[in-house]
Amino acid sequence: MTRIAIALTQDFADWEPALLAAAARSYLGVEIVTASPDSQPVTSMGGFKVMPDMSHDALDPETIDALVIPGGLSWEKGTAPDFSDLVHRFRAKGRVVAGICAAASALAGTGILNSVAHTGNALASHQKYGGYDGATFYRDQPQAVSDQGVVTAPGNSPVSFAKEVLKALGLWGPEAEAELSVFSAEHVPT
């Protein structure tokens, strides 16, 4: 069974991983696990309280196929944890790593975006991080970008983010497409 870990922070953007988790769990049989920095409950930007399954340190790339990090206000507040070690552990095992919104910029700071196509809220957001040297690979677009098992997206793109994570995991097919196309329909001009 495919397993996706969603690494949450305090004040995470609840809409960013929601479609991915719902489609993967309910329609594709994927196990979703949640983690917080210290395994303690976190509250989303919208006020949803989540009791995580484990801490970030307990996430094991031997048993988890993808690490998904949603953005949120913790980066703006300066309280976001450093994901470098966790991200590098997952990449060393060839696992999918995905970041959306501020978390895409946090991925930039780990150095993993220095040689893969990627996007995010803005190139300037990535350039605030010292480990980032991938500006030539940055794609200024509103949809998620996937390259070599790394998925990034701006915060306004939870549908394409979900799609690209599922593709990176080899789970994209008619069932996933049918489910997610419903959510993107409002963005298609008629």
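Residues numbered from 1 in each chain as written. Predicted model: local features only at pLDDT ≥ 70, side-chain atom pairs only at ≥ 80, totals over all residues. Heavy atoms only, no water.

Caption draft 1: Molecular detail of the overall build of the chain. When you go through the chain residue by residue, the secondary structure sums to seven helices and nine strands. Expected size for 190 residues packed as a compact globule is a radius of gyration near 16 Å; at 15 Å, the chain falls within 12% of this value. Its C-alpha atoms give the chain principal-axis dimensions of roughly 40 × 35 × 35 Å. Per-residue burial for the chain yields a buried fraction of 50% across its 190 residues. Sequence separation of at least 24 residues holds for 62% of the intrachain contacts in the chain that already meet a minimum separation of 6. Carbon and sulfur atoms make up 51% of the accessible area of the chain, which amounts to about 8700 Å² in all. Averaging the coordinates of the 12 positive side-chain charges in the chain and doing the same for the 21 negative ones gives two points 2 Å apart. (Helix = DSSP H or I, 4+ residues; strand = E, 2+ residues; numbered from the N terminus. Rg over C-alpha atoms; globule rule 2.2 N^0.38 Å. Buried < 20%, exposed > 50% of the residue type's maximum accessible area, 1.4 Å probe, protein only. Contact = heavy atoms within 4.5 Å. Areas by Shrake-Rupley, 256 points an atom, 1.4 Å probe, with all protein chains shown as cover. Lys, Arg positive; Asp, Glu negative; His and termini not counted. Charge placed at Lys NZ, Arg CZ, Asp CG, Glu CD.)

Caption draft 2: Inspection of helix 3 (residues 84–92) at higher detail. Within the sequence span of helix 3, burial applies to Leu86, Val87 and Phe90. For helix 3, the buried positions fall inside an angular range of 95° around the axis, keeping them on one side. Exposed side of helix 3, more than 90 degrees from the buried face: Asp85 and Ala92 are the residues found there. At its buried positions, helix 3 is contacted by strand 6 (66–69), strand 7 (96–100) and helix 4 (102–110). With its phi angle positive at about 75°, Gly94 sits one or two positions after the end of helix 3. (Arc of directions from axis to C-beta.)

Caption draft 3: Up close: the nonpolar core. With 30 residues, the main nonpolar core has Ile4, Ile6, Leu20, Ile32, Val68, Phe161 and Val165 as its most contacted residues. Elements with a minimum of two residues in this core: strand 1 (3–7), helix 1 (15–28), strand 6, strand 7, strand 9 (150–153), helix 6 (158–168) and helix 7 (174–184). Those residues in contact with Ile4, other than ones at most four positions away along the chain, are Leu20, Ala24, Val30, Glu31, Ile32, Val33, Ile64, Ala66, Val68 and Leu169. (Core = buried A, V, L, I, M, F, W, Y, C linked by side-chain atoms within 4.5 Å.)

Caption draft 4: Seen up close, the packing of helix 1 against helix 7. Between helix 1 and helix 7, the least distance of the axes is 10 Å, while the angle of their chain directions is 140°. Viewed along their axes, helix 1 and helix 7 form a crossing whose handedness is right-handed. Where helix 1 approaches helix 7, its residues Leu19, Ala23, Tyr27 and Leu28 are matched on the opposing element by Glu175, Ala176, Glu179, Leu180 and Phe183. A breakdown of the residues in the contact of helix 1 with helix 7 according to their chemical character gives seven nonpolar, no polar and two charged. (Axes fitted to C-alpha atoms, helices over the stretch in contact; angles between N-to-C directions. Left-handed = near helix turned anticlockwise from the far one by under 90°. Nonpolar A, V, L, I, M, F, W, Y, C, P; charged D, E, K, R; others polar.)

Caption draft 5: How the structure looks around the packing of aromatic side chains. One pass over the structure, following the stated rule, counts one aromatic pair. An angle of 25° between the planes, with centres 6.2 Å apart, marks the rings of Trp75 and Phe83 as stacked. Owing to a relative accessible area of 4%, Phe83 belongs among the buried residues under this scheme. (Phe/Tyr/Trp six-rings, centres within 6.5 Å; stacked < 30°, edge-to-face > 60°.)

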